[in-house]
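# Residue-level structure breakdown
Okay, here's what each chain looks like letter by letter:
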Amino acid sequence: MGPLDLSLTREERDRFLDDQRTVRLATVDDGGEPQVVPLWFVWLDGEVFFNTTLGNRSVRSVEARPRAAATVDDGEVYGELRGVTFRGIVQRSDDDPRLGTVKAAFARKYFGGDPVPFDRWRGRAWFRLTPDHEASWDFRKIPEARERAGAAEGTGRA
């Protein structure tokens, strides 16, 4: 039996990312040291938007090396595990024309519709990760994928 296709469809991925609250952003600093930080995020138009404090280690890292990776995952037991990983470029996005939409989505997702407080805090900025690579998995699909693979094997189309 060949590898099972457990990837999320585009619609499943979008729903999953809309529902999840935390992305783990991985960066590398000037000295080559990795760093992973959990952040709240909004998924919009195929990009991950987040807000963070200027000058922190992750910001210094993406300013020096804008390539980063990110993971959003979920599940308590093996058969429930699912997630998405991205690799791409992180850019500051304070002037992105979609920022009003991002803030509204952020307000709904994290603040019950109240305005996003970050605009009142000093030293905060908006960033976005634009993926150039993506992988996803949903282990809840294992039984169905095994069934499909077995059926294909039985017909000689494996």
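In the block above lies the structure referred to throughout.
Residues numbered from 1 in each chain as written. Predicted model: local features only at pLDDT ≥ 70, side-chain atom pairs only at ≥ 80, totals over all residues. Heavy atoms only, no water.

## Examining the overall build of the protein chain
Scanning the protein chain from terminus to terminus reveals four helices and seven strands. Put simply, the protein chain runs from its N terminus to its C terminus through helices and strands in the order α-β-β-β-β-α-β-β-α-β-α. In terms of principal-axis extent, the alpha carbons of the protein chain reach across some 65 × 40 × 30 Å. Here the protein chain, with 158 residues, has 39% of them falling under the buried criterion. Counting contacts in the protein chain only where the partners sit at least 6 residues apart, residues at least 24 apart contribute 71% of the total. (Helix = DSSP H or I, 4+ residues; strand = E, 2+ residues; numbered from the N terminus. Buried < 20%, exposed > 50% of the residue type's maximum accessible area, 1.4 Å probe, protein only. Contact = heavy atoms within 4.5 Å.)

## A few points about the pattern of salt bridges
In this structure the tally under the stated criterion is 15 salt bridges. A salt bridge links Arg13 to Glu134; its shortest N-O distance comes to 3.0 Å. Of this pair, Arg13 sits in helix α1 (residues 10–19) while Glu134 sits in strand β7 (residues 124–138), placing them 121 residues apart in sequence. For Glu134, a relative accessible area of 34% puts it in the partly exposed group. Linked through salt bridges whose partners overlap, the residues forming this network are Asp45, Glu47, Asp96, Arg98 and Arg128. (Salt bridge = Lys/Arg side-chain N within 4 Å of Asp/Glu carboxyl O.)

## Quick word on the packing of aromatic side chains
Evaluated as defined, the whole model comprises 11 aromatic pairs. Here the aromatic rings of Phe106 and Trp126 are separated by 5.2 Å at their centres, their planes lie at 90°, and the arrangement is edge-to-face. One end of the pair, Phe106, is in helix α3 (residues 99–111); the other, Trp126, is in strand β7, and 20 residues separate them in sequence. Neither residue differs from the other here; Phe106 and Trp126 are each classed as buried. Between Phe118 and Trp126, the ring centres sit 6.0 Å apart and the planes meet at 65°, which makes this aromatic pair edge-to-face. Residues Phe118 and Trp126 agree in their burial class; the two are buried. (Phe/Tyr/Trp six-rings, centres within 6.5 Å; stacked < 30°, edge-to-face > 60°.)

## Comments concerning α3
Taken together, the buried positions of α3 are occupied by Leu99, Val102, Ala105, Phe106, Ala107, Lys109 and Tyr110. Contact partners of the buried residues in α3: α1, β2 (34–40), β3 (42–44), β4 (47–53) and β7. Positive backbone phi, approximately 60°, marks Gly112, located one or two places after α3.

## What to know about helix α2 (residues 57–64)
Within an α-helix, residues lying three or four positions from one another point in the same direction, as the helix has 3.6 residues per turn. By the burial criterion, the buried members of α2 are Ser58, Val59, Ser61 and Val62. All buried residues of α2 fall inside an arc of 160° around its axis, so they share one side. Where α2 begins, one side-chain oxygen reaches toward the backbone nitrogen of Ser58, 3.1 Å away; that side chain belongs to Asn56. (Arc of directions from axis to C-beta. Polar contact = N/O pair within 3.5 Å; in protein donor to acceptor, adjacent residues only side chain to side chain.)

## Quick look at the side chain of Ser93
Considering the arrangement of structural elements, one finds Ser93 in the loop between β6 (82–92) and α3. What makes Ser93 buried here is its relative accessible area of 0%. At 2.8 Å, the side chain of Ser93 and the side chain of Arg128 are in polar contact. Discounting residues that sit within four places of it in the chain, Ser93 has contacts with Phe49, Leu99, Trp126, Phe127 and Arg128.

## Here's the deal with the pairing of β2
By the alternation rule, side chains of β2 split into Gln35, Val37 and Leu39, which are all buried, and Pro34, Val36, Pro38 and Trp40, of which none is buried. Bridge count between strand β1 (residues 22–28) and β2: seven bridges; the pairing is antiparallel. By the bridge assignment for β2, Thr27 is matched with Gln35. Taking the residues that link successive antiparallel strands as the turn, the β1-β2 hairpin has five residues, and the phi of Gly32 there is positive, at about 85°. (Pairing = 2+ DSSP bridges.)

Bear in mind that shape data such as this cannot, by itself, settle questions of function.
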